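A closer look at the structure
Spelled out, the chains give:
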Amino acid sequence: MLTIFNYPTNSLNSVNLNFEHFLILTLIFLSIGSFVSTLIYRLSPLNNFSNYEIITFRSHCDYCNKSISIMNLLPLIGFIKQYGKCINCNEKISIVYPITEIVFFFIGFAFVLTYGLSVYSVYMISIFSLFYILFFLDLKYFFLPIAINILIPVIGLTGNIFFSLALDESIMLFNISPAMFSIIGFLAAYFFLWLINFLFKLIKGFDGMGGGDFILFGGIGSIFGPLSLGPILFISSILGIFYFIFSAKNRKSKIPFGSCLTFATIIFYLHNILNF
């Protein structure tokens, strides 16, 4: 048995899932993916959903505005059943919906097969869901909604205090508690980006990055601790350079640094569990 981020992993042979469990988990993971896709659409700054409507508003076609039936809302099945088109107006349904559902199917089972049916798996799927939402909202709209962004440091703090979510050697190196591990990680990350932006503004006269990036990086620090900040910031900077180079139309515009941070964090996480 291995120990990654202070949490025991399972060997694949030790995870026993019968067919009934497989079906239930499949439905859960596909449903999470469907819900995440809906949140990305409704949280877009182009839409005017209230906080209440984001969760409760009945799903409908964007073109004909007709409500989608319960059967056609079933994850993946509804898309296949309608042949990828609205059954009322025949307009194409975005391929993002089934792709996201499939992504969460594989990610969900990856966590379950690695960490079992555990609190750790729930936390990691929750964090991945938040990162997924922020990645695409920032990539497409340069928008990091505070309601989603602030959940990351909350999960990081509570996860490390109660479940040792992602503690590393710094907790022993500096002789600090799990709570201080997360708090120091958050403050160091938040104020480091704030300082960079402050200096940039002194020179250029305008902000170089948004406050959402500060909170996001702080949240990442609250999960993985202060020693994670250097590698994650380095990887995200490299990703930002590649984005700048290969997105010619955006060279005089912005770089979605929040997307770079989330993707860099995933790479950092994979590096730690795969040891590559």
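Within any chain, residue numbers begin from 1 and follow the written order of that chain's sequence. With the structure being a predicted model, the display of local features is reserved for residues of pLDDT at least 70 and the display and counting of side-chain atom pairs for 80 or more, all residues being used for whole-chain, interface and lining totals. Excluding hydrogens and water, the side-chain figures rest on all heavy atoms present in the structure.

Our focus in this paragraph is the overall build of the protein chain. In terms of helices and strands, the protein chain carries 13 helices and 2 strands. Here the protein chain holds 276 residues, and the buried ones make up 41% of them. The criterion used for residue contact is that any of the two residues' heavy atoms lie within 4.5 Å. The contacts of the protein chain with a sequence gap of at least 6 include a subset with a gap of at least 24, amounting to 65%. Working note: accessible area of the protein chain is about 15,500 Å², and carbon and sulfur atoms make up 69% of it. Under the scheme used here, helices are H or I runs from DSSP no shorter than 4 residues and strands are E runs no shorter than 2 residues, and both carry numbers assigned from the N terminus. Relative accessibility decides the category of a residue: with a 1.4 Å probe and only protein chains considered, values under 20% of the type maximum give buried, values over 50% give exposed, and everything between is partly exposed. Method for areas: the Shrake-Rupley scheme with a 1.4 Å probe, in which residue coverage is limited to the protein chains shown.

This part covers the side chain of T26. Looking at the secondary structure, you find T26 in helix α1 (residues 19-43). The definition of a polar contact used here is a pair of N or O atoms within 3.5 Å, where within protein one atom must be able to donate a hydrogen and the other to accept one, and adjacent residues in sequence count solely through side-chain atom pairs. Within the structure, the side chain of T26 is placed 2.7 Å from the backbone oxygen of F22, a separation counted as a polar contact. Once residues within four sequence positions are removed from consideration, T26 is found in contact with F105 and F109.

Moving on to the layout of surface pockets. Site definitions follow a grid-based scheme: protein atoms alone, a 1 Å grid, a 1.4 Å probe that fits but cannot get out for cavities, and for pockets an open set with protein on both sides within 12 Å along at least five of seven lines, plus lining residues having an atom within 4 Å of a point. Grid points are joined across faces, edges and corners, and a volume is the space filled by probe spheres set on the points. Reported here for the second largest pocket is a volume of approximately 690 Å³. If you trace the second largest pocket, you find 25 residues lining it, with G208, M209, D213, I255 and F257 closest to the centre. Put simply, the parts of the chain that give the lining of the second largest pocket at least two residues each are α10 (178-204), α11 (211-224) and α12 (229-246). Among the elements that line the lining of the second largest pocket, the one with the most residues is α12, at 5 residues. For the lining of the second largest pocket, the per-class residue count stands at 13 nonpolar, 8 polar and 4 charged. Think of it as three bins: nonpolar holds Ala, Val, Leu, Ile, Met, Phe, Trp, Tyr, Cys and Pro, charged holds Asp, Glu, Lys and Arg, and polar takes everything else, Gly as well.

On to the nonpolar core. With 48 residues, the main nonpolar core has I133, L165, L216 and F217 as its most contacted residues. Going through the elements one at a time, α1, α5 (96-115), α6 (119-141), α8 (151-163), α10, α11, α12 and α13 (257-274) are the ones with two or more residues in this core. It is α6 that contributes the most residues to this core, 12 residues altogether. Apart from residues lying up to four places away in sequence, I133 is in contact with V36, L39, I40, L43 and I148. The criterion is simple. A nonpolar core is a set of buried Ala, Val, Leu, Ile, Met, Phe, Trp, Tyr and Cys residues joined through side-chain atoms within 4.5 Å.

Here the focus is the pattern of salt bridges. One speaks of a salt bridge when a side-chain nitrogen belonging to Lys or Arg is within 4 Å of a carboxyl oxygen belonging to Asp or Glu. In this structure the tally under the stated criterion is 1 salt bridge. A salt bridge links K201 to D207, with the shortest nitrogen-to-oxygen separation between them at 3.8 Å. With a relative accessible area of 44%, D207 lands in the partly exposed category.

Attention now goes to the environment of G218. Among the secondary structure elements, G218 is positioned in helix α11. A relative accessible area of 0% means that G218 is categorised as buried. Taking C-alpha positions, G218 is 6.3 Å from L187, a pair spaced 31 residues apart along the chain.

In this model α8 runs 17 Å from its N-terminal to its C-terminal C-alpha over 13 residues, within 8% of the 18 Å that 1.5 Å per residue would give. When α8 is considered as a whole, its buried residues turn out to be I152, P153, I155, G156, G159 and N160. Taken end-on, α8 shows its buried residues confined to a sector of 160°, consistent with a single buried face. Residues of α8 that are buried sit in contact with α6, α7 (146-149), α10 and α11. Backbone geometry just downstream of α8 places S164 in the positive-phi region, at approximately 50°. Here the expected length of a helix is defined as 1.5 Å per residue gap, with one fewer gap than residues. Arc definition: directions from the helix axis to the C-beta atoms.

In this section: the confidence of the model for the protein chain. Considering every residue of the protein chain, the mean pLDDT works out to 83; 87% of them sit at 70 or more. Between the elements of the protein chain, mean pLDDT differs from a low of 42, seen in strand β1 (residues 3-4), to a high of 94, seen in α11. Every residue carries a pLDDT, the predictor's confidence in it, which falls somewhere between 0 and 100.

Note that S236 resides in helix α12. Contacts of S236, omitting those with residues within four sequence positions, involve F257, C260, L261 and A264.

Turning next to unusual backbone geometry. A positive phi is found at F142, a non-glycine position, where the angle reads about 50°. Within the fold, F142 resides in the loop between α6 and α7.

Quick look at the packing of α1 against α6 now. When two helices pack together, their arrangement is given by the angle between the helix axes and by the axis-to-axis distance. Only the contacting stretch of a helix is used when fitting its axis, a line to C-alpha atoms as for every element, and angles between N-to-C directions run 0 to 180 degrees. Relative orientation of the contacting elements α1 and α6 amounts to 35°, with a least axis distance of 10 Å. Crossing angle aside, the handedness with which α1 passes α6 is right-handed. Mapping the contact onto sequence places F29, I32, V36, L39, I40 and L43 in α1 and I125, S129, Y132, I133, F136 and L137 in α6. Class assignment of the residues belonging to the contact of α1 with α6 gives a composition of 11 nonpolar, 1 polar and no charged. Helix crossings get a hand from a simple test, with the near helix turned counterclockwise from the far one by less than a right angle marking a left-handed crossing and a clockwise turn marking a right-handed one.

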